[in-house]
Amino acid sequence: METILELEDYKVYYKTLSGYVRAVDGVSFTIKKGEIVGLIGESGCGKSTLIMSLVIRKPPMIVMGGKARLKSIDLVNISEKERRRILLTKISIIPQYALDALPTIKKIKTFLKDIAKDKGVPEEEVLEKFIERARIIGLPSEVVNMYPIELSGGMRQRVVITLATIFSPDLLIADEPTSALDVTTQRHVLELLAELRDTGIIGSLIFVTHDIASVRQIADKIIVMYAGKVVEIGETEDIVTDPKHPYTRKLIEAVPKLGINYKKKRLSGLPGSPPSLLNPPPGCRFHPRCPLVMATCKTREPPLKPLNGTRLVACWLYDQSKGEQS
Ligand code: SF4
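Residues numbered from 1 in each chain as written. Predicted model: local features only at pLDDT ≥ 70, side-chain atom pairs only at ≥ 80, totals over all residues. Heavy atoms only, no water.

Caption draft 1: Spotlight on the overall build of the protein. Across its full length, the protein carries 9 helices and 12 strands. Over its C-alpha atoms the protein spans a radius of gyration of 21 Å, differing by no more than 12% from the 20 Å that the globule rule assigns to 326 residues. Structurally, the protein occupies a C-alpha span of about 70 × 50 × 40 Å along its principal axes. In the protein, which comprises 326 residues, the proportion classed as buried is 48%. Of the contacts made within the protein by residues no fewer than 6 positions apart, 66% connect residues no fewer than 24 positions apart. When the accessible area of the protein is evaluated, it comes to approximately 15800 Å², of which 53% is carbon and sulfur surface. Charge-centre separation for the protein: the mean point of 47 positive side chains lies 5 Å from the mean point of 38 negative side chains. (Helix = DSSP H or I, 4+ residues; strand = E, 2+ residues; numbered from the N terminus. Rg over C-alpha atoms; globule rule 2.2 N^0.38 Å. Buried < 20%, exposed > 50% of the residue type's maximum accessible area, 1.4 Å probe, protein only. Contact = heavy atoms within 4.5 Å. Areas by Shrake-Rupley, 256 points an atom, 1.4 Å probe, with all protein chains shown as cover. Lys, Arg positive; Asp, Glu negative; His and termini not counted. Charge placed at Lys NZ, Arg CZ, Asp CG, Glu CD.)

Written out as structure tokens, the structure reads:
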């Protein structure tokens, strides 16, 4: 299968007065054509920095090294002019808080005019594409003459999705696309995203979320991030039903389940909080919170290694060269 996105030892830092915040620190993975990939982890784990760095790069964000390729396009060394050119056409994003992404004082057709001008495409062509795509997405064509404030949350989300996919990008990134929606609308948006992939309107999808229930519904593969690192990658059902990394296990255990009375049984949580990425812990970055920590974990960083089949895990528990239990 064709590779759409390839990251290798990719590093994105923020420059601050106190030093570099190592938000994404040596991340490697690939996404194939047609894959829906869930990117999960606690707030501050680097997932939003990672995806934003692929689309828009603004100071104080700095790509410190590694490779990032979108098909044949080098996303690390790309010029700003080229980056603007490929935005929407090759790579596109549904931003976090997408419901607020449309200024209320502009009609939808004004957004379309702006896109046409930016891309150097005739306005009529963009309007035609929008109406055709809106029909597939389940929006009436009349929305082009409406203001965002006249639309429900679900319709506004559909407008944002329509705008983001108007030029059928190879890669669509959806950053927490369902977090502000009610449960019914969430389901519709998830179905819609899967349909966009199934119909070939988009090549592949990265679905960024901390909502494991949502990601389980549509993702083929899950990538788990902790403190700027990828700690586990695997097929969705394998990760959800048999998580290997201690952090992934804690994330899955923390999901509330139907039928359990949490007044009587406490929800299993993750003690402590993620480390500062200005000065992350040595060795395994999860070691201060890990219930299975060993002596070696405190000094040696575990590499992301194949475990079995399609699973990759960064943990000394699964490595023969591990040290002794502390
Ligand atoms: Fe826990 Fe050690 Fe594995 Fe890190 S490497 S997750 S500290 S057991």
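Caption draft 2: Layout of the confidence of the model for the protein. Taken residue by residue, the protein gives an average pLDDT of 90. The fraction at 70 or more is 92%. Across the protein, the secondary-structure element scoring lowest on mean pLDDT is helix H6 (residues 183-198), at 86, and the one scoring highest is strand E10 (residues 229-235), at 98. (pLDDT = per-residue confidence, 0-100.)

Caption draft 3: Looking closely at helix H9 (residues 246-253). Among the 8 residues of H9, 6 are classified as buried, and the element is accordingly described as predominantly covered. Restricting attention to buried positions, one finds in H9 the residues Pro246, Tyr247, Thr248, Lys250, Leu251 and Ile252. Of the surrounding secondary structure, the elements contacted by the buried residues of H9 are strand E3 (36-40), helix H7 (212-218), strand E9 (221-226), E10 and helix H8 (236-241).

Caption draft 4: Quick look at the side chain of Ser214. Among the structural elements, Ser214 can be located in helix H7. Relative accessible area serves as the criterion here: at 2%, Ser214 is assigned to the buried category. Once residues lying within four places of it in the same chain are set aside, the contact partners of Ser214 are Thr178, Gln186, Leu190 and Phe207.

Caption draft 5: Molecular detail of the packing of helix H4 (residues 123-137) against helix H5 (residues 153-164). Axis separation between H4 and H5 bottoms out at 10 Å; the angle between their running directions is 130 degrees. Considering the angle they form, H4 stands oblique to H5. Handedness of the crossing formed by H4 with H5: right-handed. Between H4, through Phe130, Arg133, Ala134 and Ile137, and H5, the contact on the second element is made entirely by Arg158, Val159, Ile161, Thr162 and Leu163. (Axes fitted to C-alpha atoms, helices over the stretch in contact; angles between N-to-C directions. Parallel < 35°, antiparallel > 145°, perpendicular 65-115°, else oblique. Left-handed = near helix turned anticlockwise from the far one by under 90°.)

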